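Analysis of the macromolecular model
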Amino acid sequence: MNSKKTLLILAGGLGSRYKGLKQIDGILDNGSPILEYSIYDALEAGFTKVVIIVNRLIPQSYMERLNTISGEKNFELHWVYQEKESFLPKDYDFSQREKPWGTGHAVLCAKNAVQEPFVMINADDFYGKEAYQLASEEIDLHISGTQFGMAAYPVGSTLSGNGNVARGICTLDTKNYLIKVEEQTSIHKKGDSIVYTENGNDIELTPDALVSMNFFIFHPNVFDALEVYFNDFLQSEPKPSQEFYIPSAVQRMIDEKKAKVLVKASPSQWMGVTYADDKSSIKDFLTSEIKQNRYPEDLWN
């Protein structure tokens, strides 16, 4: 079975700890940002369509670059703007809103562009080839209106040497279905241990504890739930900086028994750019991947 598969890339956020538009910041001399490596890996795994959620700061020149690549490489490409007014009730006053509405809203903005199973990723995370192959197989075998998937990563391989990171810590049942995903914002190395701080106490994590890096495999049914939940979020009178996150929406679907999420440990190495100083380590990593012939020197030539 070879169903149509879409890669949905969240590139609309404003990275507060990274100075600049990290979504489109080229890593090597070929000028390709991380999201292009993700597209490359997804195409190799059988995905044929790419939808990118962006904000108005993304330069037209970058969009034209990718439009040209999609024409040459023969994949469908859609750009969707995450606007503050998208999916808001008509009379809703968002004049006090400081930030975009968050990842849950970003995915919802793609509702009219995606009618098939899809993988949702962050633009600035490198998930690795094998994660997309795993996702492609999951779409063929298991993804349905009531069953989603997630590729999770061992926390020990997702830290930054440059500061705290936020990760969703996964609790699974005996069959590897997600029970809960709990966001912790202060995960860091402390000596030889990995800890996060809660109520002033350090709580230790094992290096192989699985965390969500926002690599979800969804059925388009998720959009209907997101629309309801986003509306509920607005009714709760959120503060101007409060966001509607995809993990909390997924958690609610699990709690309401609307969907199950099968979690698989990703066989790939995760790399990401939280801080500007993280860029050198991903540069070294990609250089070694190219040396091992896992990527061409210039992705698209």
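Residues numbered from 1 in each chain as written. Predicted model: local features only at pLDDT ≥ 70, side-chain atom pairs only at ≥ 80, totals over all residues. Heavy atoms only, no water.

1. Points about the overall build of the protein chain
Heads up, the condition is: The helix and strand labels rest on DSSP assignments: H or I over at least four residues marks a helix, E over at least two residues marks a strand, and numbering proceeds from the N terminus. C-alpha atoms define the radius of gyration, and 2.2 Å times the number of residues to the power 0.38 defines the globule rule. The contact criterion used throughout is that any non-hydrogen atoms of two residues lie within 4.5 Å. Note on areas: these come from Shrake-Rupley sampling with a 1.4 Å probe, and a residue is covered only by the protein chains present in the view. The convention is simple: Lys and Arg are positive, Asp and Glu are negative, and His and the chain ends are not counted. Charge coordinates come from a single atom per side chain, which is NZ of Lys, CZ of Arg, CG of Asp or CD of Glu.
For the protein chain, the helix and strand inventory stands at 7 helices and 13 strands. Taken over the C-alpha trace, the protein chain has a radius of gyration of 19 Å; the compact-globule value for 301 residues is 19 Å, and the two agree within 12%. In the protein chain, the share of contacts with a sequence separation of at least 24, taken over all contacts with a separation of at least 6, comes to 77%. Element-wise, carbon and sulfur atoms account for 47% of the exposed surface of the protein chain, whose accessible area totals about 13900 Å². Treating the 30 positive side-chain charges of the protein chain as one cloud and the 41 negative ones as another, the clouds have centres 1 Å apart.

2. What to know about helix H2 (residues 60-73)
Put simply, the rule is: One fewer than the residue count of a helix, multiplied by 1.5 Å, yields its expected span.
Relative to the 20 Å expected for 14 residues at 1.5 Å per residue, H2 spans 20 Å between its end C-alpha atoms, a close match to the ideal helical length. Contacts made by the buried residues of H2 are with helix H1 (34-44), strand S2 (49-54) and strand S3 (76-81).

3. Things to note about the nonpolar core
So the rule is basically this: For the purposes of this section, nonpolar cores are sets of buried Ala, Val, Leu, Ile, Met, Phe, Trp, Tyr and Cys residues that join through side-chain atoms within 4.5 Å. Exposure categories follow from relative accessible area, calculated using a 1.4 Å probe and restricted to protein chains: below 20% of the type maximum is buried, above 50% is exposed, and the middle band is partly exposed.
Ranked by internal contacts, the top residues of the largest apolar core, which has 58 residues, are Leu 7, Ile 9, Ile 39, Ile 52, Phe 126, Tyr 127 and Phe 215. Those residues in contact with Ile 9 that lie beyond four places of it in its chain are Leu 35, Ile 39, Val 50, Val 51, Ile 52, Ile 53, Ile 121 and Ala 123. Counting 42 residues, the second largest nonpolar core, distinct from the first, contains Ala 110, Leu 178, Tyr 229 and Ala 259.

4. Thoughts on the pattern of salt bridges
As a reminder, the rule being used: Should a side-chain nitrogen of Lys or Arg be within 4 Å of a carboxyl oxygen of Asp or Glu, the pair is scored as a salt bridge.
Inspection of the entire model under this criterion finds 18 salt bridges. Linking Lys 49 and Glu 116 is a salt bridge whose minimum nitrogen-to-oxygen distance equals 2.9 Å. You can see Lys 49 sitting in strand S2 and its partner Glu 116 sitting in the loop between helix H3 (103-108) and strand S4 (118-122), a full 67 residues away along the chain. Of the two residues, Lys 49 and Glu 116, both sit in the buried class. Notably, a salt bridge pairs Lys 99 with Glu 243, separated by 2.9 Å at the nearest N-O pair. With Lys 99 in the loop between S3 and H3 and Glu 243 in the loop between helix H5 (222-235) and helix H6 (246-255), this pair connects stretches of sequence that are 144 residues apart. A cluster of three or more residues bridged by salt bridges with shared partners is formed by Asp 232, Arg 252, Glu 256 and Lys 258.

5. Quick look at the packing of H5 against H6
Let me state the cut-off plainly: Only C-alpha atoms enter the line fits that serve as axes; for helices the fit covers just the stretch in contact. Angles between N-to-C directions range over 0 to 180 degrees. Any angle from 65 to 115 degrees is called roughly perpendicular, while one under 35 is roughly parallel, one over 145 is roughly antiparallel, and all others are oblique. Charged means Asp, Glu, Lys or Arg here, nonpolar means Ala, Val, Leu, Ile, Met, Phe, Trp, Tyr, Cys or Pro, and polar covers whatever is left, Gly included.
Contact geometry for H5 and H6: axes closest at 10 Å, N-to-C directions at 105 degrees. Considered as vectors, H5 and H6 are oriented roughly perpendicular to each other. Of the residues in H6, those in contact with Val 222, Ala 225, Leu 226, Tyr 229 and Asp 232 of H5 are Ile 246, Ala 249, Arg 252 and Met 253. Of the residues assigned to the contact of H5 with H6, the class counts are 7 nonpolar, no polar and 2 charged.

6. Some details on the side chain of Gln 82
Within the secondary structure, Gln 82 sits in the loop between S3 and H3. Using a relative accessible area of 12% as the deciding quantity, one classes Gln 82 as buried. In contact with Gln 82, other than residues within four places in its own chain, are Gly 12, Ile 53, Val 54, Pro 100, Trp 101, Gly 102, His 105, Ala 106 and Cys 109.

7. Let's talk about the pairing of strand S6 (residues 147-154)
Applicable threshold: Pairing between strands is defined by DSSP: at least two bridges between them are needed.
Burial within S6 is extensive, with 7 of its 8 residues counted as buried. In terms of strand pairing, S6 meets strand S12 (residues 260-265) through 6 bridges, oriented parallel. Among the inter-strand pairings, Gln 147 is bridged to a residue of S12, identified as Lys 260. Relative to strand S11 (residues 210-218), S6 runs antiparallel, the two being bridged by 5 bridges. The residue of S11 that forms the bridge with Met 150 is Phe 216.

8. Structural notes on the packing of aromatic side chains
Aromatic ring pairs are described here by two measures, namely the spacing of the ring centres and the angle between the planes. The test is simple: For Phe, Tyr and Trp, where Trp contributes only its six-membered ring, two rings pair if their centres lie within 6.5 Å, and the inter-plane angle classes them as stacked under 30 degrees, edge-to-face over 60, or tilted in between.
Evaluated as defined, the whole model comprises 18 aromatic pairs. Summarising the aromatic geometry, the rings of Tyr 92 and Trp 101 are spaced 6.1 Å apart at their centres and angled 70 degrees between planes, so their arrangement reads as edge-to-face. Owing to a relative accessible area of 2%, Trp 101 belongs among the buried residues under this scheme. A ring pair is formed by Phe 118 and Phe 218, whose centres lie 5.6 Å apart and whose planes are at 50 degrees; its orientation type is tilted. With Phe 118 in strand S4 and Phe 218 in strand S11, this pair connects stretches of sequence that are 100 residues apart. By relative accessible area, Phe 118 is classed as buried at 0%.

These results come straight from atomic positions and should not be treated as a statement about function.
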